[in-house]
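Coordinate analysis (summary)
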Amino acid sequence: WDPGQTVHLLFMYVCVMLHRTHNQMKTYLLQNSEDIRCKCICPPYRDIEGQIYKQNVSLKDCNCLHVVEPMPVDGKDVEAYCLRCECKYEERSSGTIKVTIIMYLSILGLLLLYMVYLTLLEPMLKRRLFGHSQLIQSDDDVGDQQPFANAHNVLSRSHSRPNMLNKVEHAQQRWRRQVQEQRKSVFDRHVVLS
Amino acid sequence: MFQFWGSRTYSGAEGMENPGYCSGSFDGLHHPSDDDDDEMVDIAGATLDFSSTDDVPPLSSGGFEDYSTTTGSSSSSSRAAGMNGTGPSNLVDPLEDPLPGVGTYEDFNTIDWVREKSKDRDRHREITNKSRQSTVALLHSISDAFSGWLLMLLVGLMAGALAGGIDIAAHWLNDMKGGVCLIGFWFNHEHCCWTSNETTFQERDRCPQWQSWAELITGTSEGAFAYVVNYLMYIFWALLFAFLAVTLVRAFAPYACGSGIPEIKTILSGFIIRGYLGKWTLIIKTITLVLAVSSGLSLGKEGPLVHVACCCANILCHLFTKYRKNEAKRREVLSAAAAVGVSVAFGAPIGGVLFSLEEVSYYFPLKTLWRSFFAALVAAFTLRSINPFGNSRLVLFYVEFHAPWHLVELAPFILLGIFGGLWGALFIKANIAWCRKRKSTILGHYPVIEVLVVAALTAIIAYPNSYTRMSGAELISELFNDCSLLDSSQLCGYKQPTNTSETGAGNSLADRPAGEGLYTALWQLALALVFKMMITVITFGMKVPSGLFIPSMAVGAIAGRLLGVGMEQLAYYHHDWFIFKGWCSPGADCITPGLYAMVGAAACLGGVTRMTVSLVVIMFELTGGLEYIVPLMAATMTSKWVADAFGREGIYEAHIRLNGYPFLEAKEEFEYSSLAVDVMRPRRADPALAVLTQEGMTVGEVETLVESTHYSGFPVVVSQESQRLVGFVLRRDLLISIDNARKRQEGVVSASQVVFTEHAPTQPDDAPPPLRLRGIMDLSPFTVTDHTPMDITVDIFRKLGLRQCLVTHNGRLLGIITKKDILKHMAQIANRDPESILFN
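This one's a predicted model, so the numbers in the text were calculated from it and none came from an experiment.

1. Describing the pattern of salt bridges
All names here are of chain B. Tallied over the full model, the rule gives 32 salt bridges over all chains. Across the salt bridge formed by Asp733 and Arg115, the nearest N and O atoms sit 3.2 Å from each other. One end of the pair, Asp733, is in helix H30 (residues 731-744); the other, Arg115, is in helix H6 (residues 113-131), with 618 residues separating them in the sequence. For Asp644, the salt bridge is made with Arg610, and the minimal N-O distance between the two is 2.8 Å. You can see Asp644 sitting in helix H26 (residues 629-646) and its partner Arg610 sitting in the loop between helix H24 (593-609) and helix H25 (613-623), a full 34 residues away along the chain. Residues participating in the shared-partner salt-bridge network are Asp120, Arg123, Asp144, Lys329 and Glu332.

Here it is in C-alpha cells:
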C-alpha cells in the first residue's frame with residue numbers, strides 16, 4: 001500500500017467533484033444578475049455636475065451611450081460628453097463573498113467557544129466532578145496538566161468509555177502540552193519570536 | 001571516559017589561540033541549558049510512542065508515524081535483530097530499514113544538509129533501480145517524479161484560495177468599523193453600494209444601503225453627536241478585534257504571532273522549530289491576521305501571507321513520502337511556498353520567485369526555481385479566479401498609468417531613495433531597541449495589554465485624520481492614484497482652470513495650481529506620515545500577526561506624494577527655471593505625483609528589507625508599466641546604499657540576530673585571518689573531546705558518556721591512544737538505538753560491547769552478544785585540518801549546509817567545529833556577546 005498513489009487517486013476524484021460543483025456553482029451564480037455592472041464616471045462638463053452611472057449590462061454594451069441615462073446633454077454634445085466618461089465593466093461573485101464571510105465567522109465563533117470552554121468551563125466542571133479538596137491538592141502538583149490527565153483516566157475507567165474517545169482525549173492532552181510549551185517559550189521566556 | 005590528550009596535541013598549535021577570548025563554557029554542542037532535563041524525557045517519550053499513531057508536530061520527526069502506520073510495532077524487533085545479523089554492506093546503507101526515530105532531529109536543532117541530501121539521493125537511486133524490474137515499480141517511480149509538481153499545484157491552489165478568503169474577510173471586517181450593510185451583512189462598503197444609483201460624484205461610497213453606526217444608533221449622520229458615536233464605535237471595534245486576535249494567538253498558537261519571515265528564513269537555512277508550520281498555526285494565523293489587519297493597527301498582511309503559504313506547503317508535504325521524510329527536500333518546497341506567499345500578496349508571481357531567491361531561501365537550485373515559478377503562477381491564477389476585490393485585480397493598490405518621466409526627475413527620485421534609506425536604518429534601530437526592551441524588561445510580561453494599548457492609541461489618533469483612518473492598502477492605493485478629471489478626492493483638489501472644458505478630449509490634466517482641498521490633504525498627509533513612522537516602530541513585533549510591507553510602503557508613499565506635489569507646484573510656478581525649461585512648458589502634464597508615491601514606497605520598503613531586484617520586479621508587476629524601472633531601480637539602489645552605511649543588516653536579519661537563531665548569513669563575508677584551530681572545541685583549558693571508540697566500549701560506558709555530557713554528537717575513533725577518526729554518531733540516534741536494542745534485542749545488557757566496526761571482534765563465549773551500531777554512524781564526516789583558514793571553513797559550512805565539521809592534525813582527531821561555534825566566533829569578532837547565539 002502506497003500513500004502516494006492513493007493520494008493521486010483521491011486527487012483525481014476531488015478534481016472530478018470540484019468540476020461538477022463548479023458547474024453547479026456557475027449556474028447558480030450566473031442567475032444572480034446583480035453581480036455584473038457597468039460603471040461610468042463622467043467628470044463635470046460645462047455647467048453639468050460630475051455623475052456616476054451604473055447599469056446592469058453585458059460587457060459589449062458597456063459604454064457611455066448605453067449606460068448614461070438620461071443623457072444630460074443635447075445631441076450634438078453627446079460625443080464630447082461621452083469622450084470624457086470612463087466606463088468600466090466589473091464582475092463580482094456575491095456567492096463567494098457570502099460563503100467566505102459566513103465560513104470565517106463560524107470558524108472564529110467555534111474557536112472562541114472552544115477557548116472559552118478550555119479556560120472557563122473545563123476547570124469549573126473539574127471542580128464540580130472531583131470536589132474542592134482534590135483540586136487544591138492538584139494545584140500544588142507539578143503543573144495542572146498531569147492531574148488533569150489523571151482525572152481523565154479516572155473518568156474513562158469509571159464510565160468505560162470507548163477507546164476512540166480516549167485516543168482523542170490523549171491527542172488533545174498532547175496538543176495542549178505542546179501549546180503550553182510554545183506559550184512558555186514565546187510569552188514567558190522570550191526565546192523565539194520576540 | 002575522558003582522556004586528556006589535549007595538552008599534547010595542542011603543543012604544535014600554541015600561539016594560535018585567540019588571546020582575548022575567554023568563554024566560561026565549552027558547549028560546542030550544547031543545548032540551551034533549560035532544555036536539558038526535557039531532552040531525555042523527550043527521547044524516552046518518543047521511543048515509547050512509536051506504536052501509537054500520534055499527532056506528530058509537522059516539520060521533522062516524520063519518521064515516527066510513518067513507521068507505525070506502515071509496518072506496525074510488532075515487526076520492529078525482528079527488524080532490529082535482522083539489522084544485527086545482516087552483512088556490513090547493508091548496515092552502511094541508511095535506507096535499509098532504519099530504526100524509527102533515527103535520522104530525525106530534535107526541536108530547536110539544525111539539520112545536516114549533507115546527510116539529508118545523500119539520503120534522498122540513495123532513495124532516488126533505489127527507486128530507479130527497482131523501476132526496471134516491474135511495471136508497478138515503474139509506475140511508482142513515475143508518480144514519485146511527478147509528486148513534486150503535484151505538490152506545487154496543491155500548494156498554489158490552497159495558498160491562493162486562502163489569500164482570497166483573507167482578502168475578502170479583511171476588507172469586510174475593516175469596513176465593519178464604520179458601519180454595516182443592510183441588504184446583506186456580508187457585503188463590505190463598496191459591494192453594498194454595488195448597484196445603488198444613489199452614489200454621487202462627490203461622495204462615491206455613500207448609499208442608503210450602507211448605514212454607519214451613528215445612523216443606526218442615533219438616526220442621523222450629521223452633527224457632533226453622530227461623529228462622537230462613530231468615533232466611539234470605531235475605537236470599540238478596533239479594540240475588540242485586537243483583543244480577539246491576541247487572545248486567540250495566546251490560547252491556541254503562540255507561534256502565529258509576528259511576521260514569520262525571520263523564522264522562515266532560519267527554518268529554510270536548516271533550523272527546526274516544531275509546530276511552527278503546523279495546522280494550528282495555519283488556522284490561527286489565517287483567522288487572526290484578518291482581525292489584526294482590520295483592527296486598524298499599523299500592520300500589513302503581506303509578510304504573514306508568506307508564513308501562511310509555508311504552513312500550507314508543510315501540511316501538504318505530509319501527503320508525500322518523499323517530502324515527509326526528508327528535511328532537505330521539504331525545505332525546497334518551503335522555498336517555493338515563500339514565492340507563492342508574495343505572489344498572492346502582491347499579485348506578482350515573478351516578483352515572488354525573486355523574493356524567495358533574494359530574501360528568504362538558503363538553498364535554491366534551479367529545479368526549485370521552476371517549481372516556484374509554477375506554484376506562483378497557479379496561486380496567482382487561483383486568486384484571480386476568486387476575484388476578491390471585484391475589479392479583476394489581485395491587489396487593492398494596483399495602478400495603471402503611463403505618464404512619461406523626464407531625466408531631471410531622477411534627482412527627486414534619488415532624494416526619495418535617500419529618505420527611504422534613512423527611514424529604513426532608523427526604523428531597524430528603533431524597532432530592534434524596542435523589541436529588545438520587550439524581550440528583557442517587564443513590558444514583555446503583558447502582551448495582551450500591550451496590544452490593547454497600542455490598538456487604542458492607534459484608533460484614537462487615527463480616526464480624526466481620514467488618511468490614517470483608512471486601511472494601509474487603501475491609503476497606498478489612493479496615493480498611487482494619479483489625479484484626473486474623474487477623481488473627486490481631496491488629494492485632487494486642484495484649482496480648476498476656467499477654460500477646462502475646451503481643452504482636449506482626454507481626462508489627463510495639465511499641471512494646475514493647488515487648491516484648498518489639496519492643501520488640507522497635504523498637512524493631513526504630513527501628520528499621517530509622522531504618526532505612521534512612530535506607531536509602526538512599536539507595532540511591529542507585537543504578539544499578533546503583523547507584516548511590515550504595507551506600513552513601510554505607506555510611509556514611503558506619503559513622503560513620495562508630498563514631494564511629488566511639491567515638485568508639481570514648483571514646476572507650475574517656475575516653469576521658466578533652467579531645470580524645467582524645455583520639457584515642462586506651461587499647460588503640459590509633466591509631473592505625476594502618483595509616480596513619486598510609488599518610487600517612495602519602493603525606496604522605504606527597500607531601506608527596511610534591503611531587497612533590490614525582487615522589490616523592483618514586484619513594483620513593476622504592480623504597475624504594469626515597464627517605463628518606470630529606471631526610477632525604481634535608482635531609488636531602491638540609493639536606499640540600499642544609504643541604509644547599508646548605517647548598518648548592513650535588514651530588518652529580518654536584525655530580528656534573527658535578536659532572537660539568536662543559528663543563521664549563517666550568506667550575504668556577509670568572513671574577512672578575518674583566524675584558523676580552524678582557533679574556533680574549534682575543546683579549547684586549550686577545556687577537558688578533552690568526548691569520543692567513542694569503535695570497539696571496546698560497553699553499552700553502560702557509552703550511556704554514562706552520553707548522559708554526562710550535553711553534546712549532540714560524538715566522533716568515533718579507532719582507539720583512545722591513536723585518535724584516528726572513523727566516523728560520527730549523533731546523540732539522538734545513539735540513544736534511540738541503544739534504548740531500542742535494550743527493549744527489543746535479546747541479551748543486550750550494560751556489559752554488552754558496542755561495536756562500530758564491520759566485523760564483530762572475537763570475544764569469550766560467555767560474554768553477552770555485542771551491539772552493532774555501524775548503521776547509525778556517519779562514515780563520511782567532514783574534516784578540515786587544524787590550519788585551514790576560517791574563511792574557507794565558513795564557506796564550506798555555508799555552501800554545503802554543514803552542521804558540524806571535525807578538525808584533524810596529522811590525521812589525528814583534534815576537535816570539532818559546529819555552526820554555533822562559527823556564529824559565536826563571528827559574534828565575538830564583531831564585538832557582540834557570543835552567548836547571544838542560543839540554539840544549536
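2. So, the sheet that holds strand S6 (residues 725-730) of chain B
Residue and element names in this part refer to chain B. The strand order across the open sheet built from three strands is S3-S5-S6, with neighbouring strands paired in mixed fashion. Two strands in the sheet have a free side with no partner beyond their single neighbour: strand S3 (692-693) and S6. Across two bridges, the pairing between S3 and strand S5 (residues 713-717) is parallel. Its bridge partner being in S5, Leu692 is matched across the sheet by Val716.

3. Some remarks on the UniProt feature "transmembrane region" (unreviewed entry) in chain A
UniProt feature "transmembrane region" (unreviewed entry): in the numbering of this structure it lies at residues 101-120 of chain A. Helix makes up 100% of residues 101-120 of chain A and strand 0%. Its end C-alpha atoms lie 28 Å apart.

4. Here we look at the sheet that holds strand S10 (residues 804-809) of chain B
Residue and element names in this part refer to chain B. Spatial strand order, S9-S10-S11: three strands in an open sheet with mixed pairing. Single-partner strands in this sheet number two, and they are strand S9 (783-785) and strand S11 (812-818). On average, adjacent strands in this sheet sit at an angle of 35° to one another, irrespective of strand direction. Its contacts with the sheet place helix H31 (residues 790-800) against S9, S10 and S11, and it is angled at close to 65° to S11.

5. Here we look at the environment of Ala588 of chain B
Its location among the elements puts Ala588 of chain B in the loop between helix H23 (549-573) and H24. Separated by 220 residues in sequence, Ala588 of chain B and Thr368 of chain B place their C-alpha atoms 49 Å apart.

6. Here's the deal with the interface of chain A and chain B
On the side of chain B, 83 residues touch chain A, which itself brings 56 residues to the contact. Each partner contributes to the roughly 6400 Å² buried at the junction of chain A and chain B, and carbon and sulfur atoms together form 65% of this total. Our enumeration of links across chain A and chain B arrives at one salt bridge. The salt bridge partner of Arg37 of chain A is Glu190 of chain B, with a shortest N-O separation of 3.5 Å. The interface formed by chain A and chain B contains ten residue pairs in polar contact (both at pLDDT 80 or more). Going through the elements one at a time, helix H1 (3-31), strand S1 (36-42), strand S2 (51-55), helix H3 (78-84), strand S3 (86-91), helix H4 (94-140) and helix H6 (163-188) of chain A are the ones with two or more residues in the side of chain A that touches chain B.

The rules behind these values
Residues numbered from 1 in each chain as written. Chains lettered and ligands numbered in written order. Predicted model: local features only at pLDDT ≥ 70, side-chain atom pairs only at ≥ 80, totals over all residues. Heavy atoms only, no water. Salt bridge = Lys/Arg side-chain N within 4 Å of Asp/Glu carboxyl O. Helix = DSSP H or I, 4+ residues; strand = E, 2+ residues; numbered from the N terminus. Pairing = 2+ DSSP bridges. UniProt positions renumbered as here; feature names shortened; annotations may be inferred. Axes fitted to C-alpha atoms, helices over the stretch in contact; angles between N-to-C directions. Contact = heavy atoms within 4.5 Å. Buried area = accessible area lost by both parts, 1.4 Å probe. Polar contact = N/O pair within 3.5 Å; in protein donor to acceptor, adjacent residues only side chain to side chain.

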